[in-house]
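The chain contents come next:
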Amino acid sequence: MALMALGIDPQNINGENYIEKIIKEFDGTQFGDKEKVNDDIFAIIVLQNINSVKNENIIKSTIDFILSKQNENGSWDDNVDMTSAGINALAFKRNTEEIKNVIEKAKKFLKDKQRADGGFGNISSTAWTGVAINSIEEDIMDWKVF
């Protein structure tokens, strides 16, 4: 993510292909630890920005895994940061009906966690939530606490 933010192609850094290194961690269903969702969320955030047909099945399977890990309350890991990252990871598919519903549940969780000062617990959580709000093209002012 950092390399792409700097405009550097992560597929060729001094002969290293960091995208291939990520893809090698895919087990056919998901990335990394089967009990955790954070590795899958961050893999999707990167892979959605790499135009490659071979990644389509990996992305679909990983999204299915991410969806299976969403809690009833709309969160991932009962955590503002991870829920915000989850929204960010899924935002590129936000116009599909299934993802719309998932994001709505996650938004409700986040809105329930918003504090009277408008923040979400600490500066990092507030920043992650701001990124999530931006990724689904909502106006931060619509999230204002009155």
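Here goes a summary of the coordinates provided. (Residues numbered from 1 in each chain as written. Predicted model: local features only at pLDDT ≥ 70, side-chain atom pairs only at ≥ 80, totals over all residues. Heavy atoms only, no water.)

Here we take up the packing of helix H3 (residues 38-47) against helix H4 (residues 56-68). At their nearest, the axes of H3 and H4 sit 10 Å apart, and the two run at 145 degrees to each other. Taken as a pair, H3 and H4 cross one another with a handedness that is left-handed. On H4, the residues touching Asp40, Ile41, Ile44 and Leu47 of H3 are Ile58, Ile59, Thr62, Ile63, Phe65 and Ile66. Tallied by class, residues from the contact of H3 with H4 come to eight nonpolar, one polar and one charged. (Axes fitted to C-alpha atoms, helices over the stretch in contact; angles between N-to-C directions. Helix = DSSP H or I, 4+ residues; strand = E, 2+ residues; numbered from the N terminus. Left-handed = near helix turned anticlockwise from the far one by under 90°. Contact = heavy atoms within 4.5 Å. Nonpolar A, V, L, I, M, F, W, Y, C, P; charged D, E, K, R; others polar.)

Quick look at helix H6 (residues 97-113) now. Under the 1.5 Å per step criterion, the end-to-end length of H6 is 25 Å for 17 residues, consistent within 8% with the ideal 24 Å. Each element contacted by the buried residues of H6 is listed here: H4, helix H5 (80-90) and helix H7 (123-135). (Expected span 1.5 Å × (residues − 1).)

Turning our eyes to something else, we now look at the side chain of Gln48. Assignment of secondary structure puts Gln48 in the loop between H3 and H4. Sequence-distant contacts of Gln48, that is, excluding residues within four places in its chain, are made with Ile59, Asn88, Ala89 and Phe92.

What follows concerns the nonpolar core. Ranked by internal contacts, the top residues of the largest apolar core, which has 36 residues, are Ile41, Trp76 and Leu90. Sorting the residues of this core by element identifies helix H2 (18-23), H3, H4, H5, H6 and H7 as the ones contributing at least two each. For Ile41, the residues in contact, after removing those within four places along its chain, are Ile66, Trp76, Met82, Ala85, Gly86 and Ala89. (Core = buried A, V, L, I, M, F, W, Y, C linked by side-chain atoms within 4.5 Å. Buried < 20%, exposed > 50% of the residue type's maximum accessible area, 1.4 Å probe, protein only.)

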